[in-house]
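Read off the chains here:
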Amino acid sequence: MEIVQSVLALGGLGLIFGALLGIAAKFFSVETDIRVEKIASLLPGANCGGCGFAGCAAMAEALAEGKAMPSGCAVLKDEERGAILEMMGLEGEQTVKRVAKVLCGGNLDVVNEKCNYDGILDCRAANRYAGGSKACLYGCLGYGTCVSACRFDALSMENGVAKVSADKCTACGSCVAVCPRNIISLVPADQRAHVLCRSKERGAVQKEACRTGCIGCKICEKVCPKQAISVKDNLAVINYELCSNCGLCAEKCPQKIIEIKGE
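Residues numbered from 1 in each chain as written. Predicted model: local features only at pLDDT ≥ 70, side-chain atom pairs only at ≥ 80, totals over all residues. Heavy atoms only, no water.

### With respect to the overall build of the protein chain
Consideration 1: Within the protein chain, the regular secondary structure consists of 10 helices and 8 strands.
Consideration 2: Taking all 263 residues of the protein chain together, the buried fraction comes to 37%.
Consideration 3: Intrachain contacts of the protein chain at a sequence separation of at least 6 include 55% that bridge at least 24 residues.
Consideration 4: Put simply, the protein chain shows about 15600 Å² of open surface, and 54% of that area lies on carbon and sulfur atoms. (Helix = DSSP H or I, 4+ residues; strand = E, 2+ residues; numbered from the N terminus. Buried < 20%, exposed > 50% of the residue type's maximum accessible area, 1.4 Å probe, protein only. Contact = heavy atoms within 4.5 Å. Areas by Shrake-Rupley, 256 points an atom, 1.4 Å probe, with all protein chains shown as cover.)

Structure (structure tokens):
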């Protein structure tokens, strides 16, 4: 009898605790938005962080809550973006496709060497240690840290300078984040004109470091019909919102440091 009573007592306690746990689970339960899972299935799942969130799951939650927009993910296709907007109850969102652009033309044929660098083959390490081997203190260091950071195989090294494959680039921003020289920018994909230099040195000093660097002559500024290019701190800078891609700046640049993509 004692054994039976013990079993019944334990069984009774189990039922009581089970009921209490069920009530607590219902009372403390947090309602989940069914859209989160659906939105997450449309995101690429790369967890690259280019959207500013910890990963695709975090962005899916932010999208469902209206705290982010699909344009934050550069990898989304138009149909995926449209589906997410529909789930968010929005009609549409105007986006400008962007790609990463390395704004440096200082390859090994034109830039001078100041020393033999025998350290860690990482741009951040080289930048801390005397600025690497190249004489230009503003250009690409050439050790490929951005190439390693890209999860989409969109960057490569060509003659000492990083190059971006626009077809593969998702504008996630990983390369921008790791470049210690800040020479990689996310630019409009349809933009053709780019100043491939970030040096702010005076012309004479710049020529000693790189034979094709910007010398701040302001010729480009004078010939631009849209006033889309100006020289600030000895460096030509293009306002992409005003630029019409006419190519006059590239044609007149004595250093040939302004690129017109597609020509």
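### What to know about the environment of Gln191
Consideration 1: Counting through the fold element by element, Gln191 comes out in the loop between β4 (184-188) and β5 (193-195).
Consideration 2: In this structure, the C-alpha to C-alpha distance between Gln191 and Cys243, residues 52 residues apart in sequence, is 8.3 Å.
Consideration 3: The residues contacting Gln191, other than those within four sequence positions of it, are Ile238, Tyr240, Cys243, Asn245 and Lys261.
Consideration 4: A polar contact is formed between the side chain of Gln191 and the backbone oxygen of Ala193, at a distance of 3.1 Å. (Polar contact = N/O pair within 3.5 Å; in protein donor to acceptor, adjacent residues only side chain to side chain.)

### Digging into the pairing of strand β1 (residues 98-102)
Consideration 1: Burial within β1 is extensive, with 4 of its 5 residues counted as buried.
Consideration 2: The sheet contact formed by β1 and β4 spans 5 bridges and is antiparallel. Counterpart to Ala100 in the pairing with β4 is Leu186. (Pairing = 2+ DSSP bridges.)

### Description of the packing of helix α2 (residues 34-42) against helix α3 (residues 56-64)
Consideration 1: Their axes nearest at 8 Å, the elements α2 and α3 cross at an angle of 130°. Classified by the angle between their axes, α2 and α3 sit oblique to one another. Between α2 and α3 lies a crossing whose hand is right-handed. In this structure, α2 uses Arg35, Val36, Ile39 and Ala40 to contact α3, whose residues at the interface are Ala60, Glu61, Leu63 and Ala64.
Consideration 2: When its residues are assigned to classes, the contact of α2 with α3 shows 6 nonpolar, no polar and 2 charged. (Axes fitted to C-alpha atoms, helices over the stretch in contact; angles between N-to-C directions. Parallel < 35°, antiparallel > 145°, perpendicular 65-115°, else oblique. Left-handed = near helix turned anticlockwise from the far one by under 90°. Nonpolar A, V, L, I, M, F, W, Y, C, P; charged D, E, K, R; others polar.)

### Observations regarding the nonpolar core
Consideration 1: Core analysis: the largest hydrophobic core is formed by 21 residues, its most contacted members being Val195, Cys220, Ile229, Ala236, Ile257 and Ile258.
Consideration 2: Among all residues touching Ile229, those that are not within four sequence positions of it are Val195, Cys220, Glu221, Cys224, Ala236, Val237, Ile238, Cys249 and Ile258.
Consideration 3: By size, the runner-up hydrophobic cluster in this structure holds 18 residues, among which are Cys140, Leu155, Cys169 and Ile184. (Core = buried A, V, L, I, M, F, W, Y, C linked by side-chain atoms within 4.5 Å.)

### Side note on α3
Consideration 1: Along α3, the residues classified as buried are Cys56, Met59, Ala60, Ala62, Leu63 and Ala64.
Consideration 2: In the core, the buried residues of α3 are packed alongside α2 and α4 (78-88).
Consideration 3: Positive phi shows up at Gly66, right after α3, with a value of about 75°.

### Examining the pattern of salt bridges
Consideration 1: For the structure on display, the rule yields 4 salt bridges.
Consideration 2: The residue Glu65 makes a salt bridge to Lys67 at a minimum N-O spacing of 3.2 Å. Per residue, the accessibility class of Glu65 equals that of Lys67, and both read exposed.
Consideration 3: For the salt bridge of Lys101 with Glu259, the shortest nitrogen-to-oxygen distance reads 2.8 Å. Taken together, the residues Lys101 in strand β1 and Glu259 in strand β8 (residues 258-260) connect sequence positions 158 residues apart.
Consideration 4: For Lys101, a relative accessible area of 16% corresponds to the buried category. (Salt bridge = Lys/Arg side-chain N within 4 Å of Asp/Glu carboxyl O.)

### Focus on a nonpolar patch on the surface
Consideration 1: On the surface, a nonpolar cluster with roughly 390 Å² of combined accessible area is contributed by Leu13, Ile16, Leu20 and Ile23.
Consideration 2: In this structure, Leu20 sits in helix α1 (residues 2-28). (Patch = residues over 30% accessible without salt bridge, like charges linked within 9 Å, V, L, I, M, F, W, Y side chains within 5 Å.)

### Focus: unusual backbone geometry
Consideration 1: With phi around 55°, Asp153 is a residue other than glycine that occupies positive phi space.
Consideration 2: Exposure remark for Asp153: the relative accessible area of 54% places this residue in the exposed category.
Consideration 3: For Lys256, which is not glycine, the phi torsion reads 55° and is therefore positive.
Consideration 4: Tracing the sequence through the fold places Lys256 in the loop between α10 (248-252) and β8.
Consideration 5: In this structure Lys256 comes out as exposed when scored by relative accessible area, which is 58%.

### Observations concerning the environment of Asp153
Consideration 1: With respect to the helices and strands, the residue Asp153 is situated in the loop between α6 (145-149) and β2 (155-158).
Consideration 2: Taking the C-alpha atoms as reference, Asp153 lies 8.0 Å from Cys169; in sequence the two are 16 residues apart.
Consideration 3: Side chain to side chain, Asp153 and Lys168 meet in a polar contact 3.5 Å long.

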